[in-house]
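# What the coordinates show
Here is how the chains run, residue by residue.
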Amino acid sequence: MKKIYFMVGSQDLYGEECLKQVRADAQEMVNFLSEKIKSVTFELLPTVETSPICIANCRKASNDDDCVGVITWMHTFSPAKMWIKGLQQLNKPLLHLHTQYNEKLPYDKIDMDFMNLNQAAHGDREYGFILARMNIAHEVVAGYYKNDKVVKKISRFCDVARAIAFSKNLRVGTFGNNMRDVAVTDGDRVETQIQYGWETNYYAIGDLVEVINAVTDAEIDHKMDEYTSKYDMNTDNIDAVREQAKYEVGLEKFLANKGLGAFTDTFQDLNGLRQLPGIAAQNLMDKGIGFGPEGDYKISAFSALLMEMSKGREGATGFIEDYTYDLTEGSELELASHMLEVPPAFAANKPAIEVHPLGIGGKEDPARLVFDGVTGDGIQVTLVDMGDHFRIICADIELVKQPLPMPNLPVARIMYRHKPDFEIGTAAWCYAGGAHHSVVSTALDRNDIAMFARLTGTELVTIGDDTTEADLQKFFMK
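First things first, this report covers the structure right here in the doc. Computed from a predicted model, the values in this text were never measured in an experiment. Sequence positions are assigned chain by chain, starting from 1 and proceeding in written order. Local features in a predicted model are, by the rule used here, given only for residues with pLDDT of at least 70; side-chain atom pairs are given and counted only at 80 or more, and totals for whole chains, interfaces and linings are based on all residues. The side-chain values count all of the structure's non-hydrogen atoms but skip hydrogen atoms and water molecules.

With that settled, consider the packing of aromatic side chains. Centres within 6.5 Å make a pair out of two Phe, Tyr or Trp rings, where for Trp the six-membered ring is used; the pair is then stacked when the planes are under 30 degrees apart, edge-to-face when over 60, and tilted otherwise. With the rule as written, the count across this model stands at 15 aromatic pairs. Centre to centre, the rings of Y227 and Y231 are 6.3 Å apart; their planes meet at 45°, and the pair counts as tilted. Residues Y227 and Y231 agree in their burial class; the two are buried. Here the aromatic residues F175, Y203, F254, F263, F291 and F319 are joined through ring pairs into a cluster of three or more. Criterion for a charge above a ring: Arg CZ or Lys NZ at most 6 Å from the ring centre, at most 35 degrees from the ring normal. A cation sits over an aromatic face here: R189 above Y297, 5.2 Å from the ring centre. Geometry around F254 places K258 over its ring, the cationic atom sitting 5.8 Å from the centre. We call a residue buried when its accessible area falls under 20% of the maximum for its residue type, exposed when it is over 50%, and partly exposed in between, using a 1.4 Å probe and counting protein chains only.

A few words now on the nonpolar core. Counting 86 residues, the largest nonpolar core has F6, I154 and F302 as the members making the most contacts within it. In this structure, F6 is in contact with A26, M29, V30, L33, E43, L44, L45, I71, W73 and L97, ignoring residues within four places of it in sequence. By nonpolar core we mean a set of buried residues, namely Ala, Val, Leu, Ile, Met, Phe, Trp, Tyr and Cys, connected to one another through side-chain atoms within 4.5 Å. Counting residues in each nonpolar core, the second largest holds 28 residues, with Y227, I320, F346 and I414 among its members. Here a residue-residue contact requires only that any non-hydrogen atoms of the pair lie within 4.5 Å.

This part covers helix α1 (residues 16–36). Here a helix means four or more residues in a row that DSSP labels H or I, a strand means two or more in a row labelled E, and each is numbered from the N terminus. The span one expects for a helix is its residue count, reduced by one, times 1.5 Å. If you check α1, its first and last C-alpha atoms are 31 Å apart, about what 21 residues at 1.5 Å a residue would give, namely 30 Å. Taken together, the buried positions of α1 are occupied by C18, L19, V22, D25, A26, M29, V30, F32 and L33. End-on view of α1: buried residues confined to an arc of 160°, all on one side of the axis. Opposite the packed face of α1, turned more than 90 degrees from it, sit the exposed residues E16, E17 and E35. Buried residues along α1 sit against β1 (3–9), β2 (41–44), β3 (67–74), β4 (94–98), α4 (112–117) and α6 (148–168). Read the arc as the range of directions from the helix axis to the C-beta atoms.

Let us now look at the sheet that holds strand β5 (residues 139–142). Across the sheet, which stays open at both edges, the five strands sit in the order β2-β1-β3-β4-β5 with parallel pairing between neighbours. Both outer strands of the open sheet, β2 and β5, are each paired with one neighbouring strand and no more. Here the strands of the sheet are splayed against their neighbours by 25° on average, with no regard to which way each runs. Sheet topology note: the β1/β2 ladder contains four bridges and is parallel. Within β2, the residue paired with Y5 across the bridge is E43. With respect to the sheet, α1 is in contact with β1, β2, β3 and β4, its orientation differing from that of β2 by roughly 175°. Most of the contacts of helix α5 (residues 120–133) go to β4, to which it runs at about 155°, and overall it touches β3 and β4. Only strands that DSSP links by at least two bridges are regarded as paired with each other. Helix axes are fitted only over the stretch in contact, all axes being lines through C-alpha atoms; the angle between N-to-C directions runs from 0 to 180 degrees.

This part covers the sheet that holds strand β13 (residues 352–355). Sheet architecture is open: three strands sit in the order β8-β13-β14, paired in mixed fashion. The sheet is open, and its two edges are formed by β8 (232–233) and β14 (367–370), each paired on a single side. Across two bridges, β8 lies against β13 in parallel orientation. Looking across to β13, one finds that M233 is bridged to I353.

Take the environment of N91 next. You can see N91 is positioned in the loop between α3 (84–89) and β4. Judged by its relative accessible area of 41%, N91 is partly exposed. Between the alpha carbons of N91 and G69 there is a distance of 8.8 Å; along the sequence they are 22 residues apart.

What makes a patch is a set of residues exposed beyond 30% relative accessible area and free of salt bridges, joined within 9 Å when like-charged and within 5 Å when nonpolar (Val, Leu, Ile, Met, Phe, Trp, Tyr). To be clear on the numbers: accessible area is Shrake-Rupley with a 1.4 Å probe, and residue cover counts the displayed protein chains and nothing else. The salt bridge criterion pairs a side-chain nitrogen of Lys or Arg with a carboxyl oxygen of Asp or Glu, the two atoms within 4 Å. There is a patch of nonpolar side chains on the surface, built from L105, Y107, I110, M112 and M115 and spanning about 550 Å² of accessible area. Among the structural elements, I110 can be located in the loop between β4 and α4. Note on I110: relative accessible area 33%, which makes it partly exposed.

Following the sequence through the fold, E341 ends up in the loop between β12 (333–337) and β13. Two residue types count as positive, namely Lys and Arg, and two as negative, namely Asp and Glu; His and chain ends fall outside the count. Despite its burial, E341 pairs with no opposite charge; the closest candidate is R368, at 9.6 Å N-O. Separated by 2.4 Å, the side chains of E341 and H338 make a polar contact. Those residues in contact with E341, other than ones at most four positions away along the chain, are D265, L276, P277, A281, Q282, M285, F291, P293 and F319. Polar contacts, as counted here, are pairs of nitrogen or oxygen atoms within 3.5 Å of one another; within protein the pair requires one atom able to donate a hydrogen and one able to accept it, and residues that are adjacent in sequence qualify only if both atoms are side-chain atoms.

Mapped onto the elements of the fold, N118 is located in the loop between α4 and α5. Contacts of N118, omitting those with residues within four sequence positions, involve H75, Y101 and N102.

Here we come to the environment of A428. Among the secondary structure elements, A428 is positioned in helix α13 (residues 422–431). Considering only alpha carbons, one finds A428 and I463, 35 residues apart in sequence, at a separation of 7.0 Å.

Okay, structure coming up:
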């Protein structure tokens, strides 16, 4: 399991007894967080009393592959110059916890010894200054550490830090390039590796086909057993379904062999395949593999890391595409879907395997999962390349039940309402340059995305109930 290191700041000015109490209190805090937050483990490092201790702690955190982040807190006053050299070497996400060991003041007993020991209000401001002066990306959580609200924010940091660590080790395979003449799915792969860690490389579709063609009937049978255990079989064209099972087995082998956690394909590069991968891609996404259609490597990687971020939370997270609207005035809705590849995590009902014609790609009718979507509050988020920087656009949405049945639409059907309303919500998305490929999540919210953006130095545009017509003029009409 991944770990978070906890560093508490003090100094030797107050004597050995004070330092013993600092460590004991810090250990109690670490034990409390370990009981409350199970997504990571917490480990206390030596109290930072001097610059060499700080350097050693930060080096340990930076060089520990299991460490995904660091939490710091100043129990006493801790002169910030002794933090500089250590912080210069720290390469893990940083949380500044502005709290104190005691919740309430002992009004009838408080003396200067108590003041010297419990002066986070003093020490954390000194520490906050040096973080600001050094322009170090970090998160601040303020409040008593045992409060549920504070614990939730710390837990959020742990999830985001875990996702950033995942991102730095993510490898993406692209089978074919992005769809011809399409702009928004393109991007600077070197720059995304520099900023986010994604190693994105091209693999010939022929190399994948060789692996797929070597899949045995026994392996296909095993995959078919998985399908029938999870999904309803609403087709007599079992051969088409077995073809998808074959693709998934081959993809799983190829991805595992190359250490890939995300991939793309494109209907314009299917040489050697009878179908465009449908169930194969959908079922892999259900297992946490990132996916982007039409060669969209950015959304493939972004979906993988957001699925990692949402692990352990209730709700669905995965790739989606903006498709078409119901523009009934006052109750406008969007129908989001794709020609095949919507993850079954969004299914409100048991998905059904169906086989239908596909109007593009020039291949056989592909098998896919068909279902209606879940409901509830969520976010729609995308990452775009603006040429000189990356931008994340995050919009609050409400996933809703489709007003009427769609018996002739043989794909997954996700419907949502834009916030604050259709006019402002969609206009803001367009002004911001939001892509038609995105990640929708009912497990994450804009606070998760905002934290990720801060810690990775990414520009963020948010859209929601607090977005007004004036905001369109202020932020998007420059």
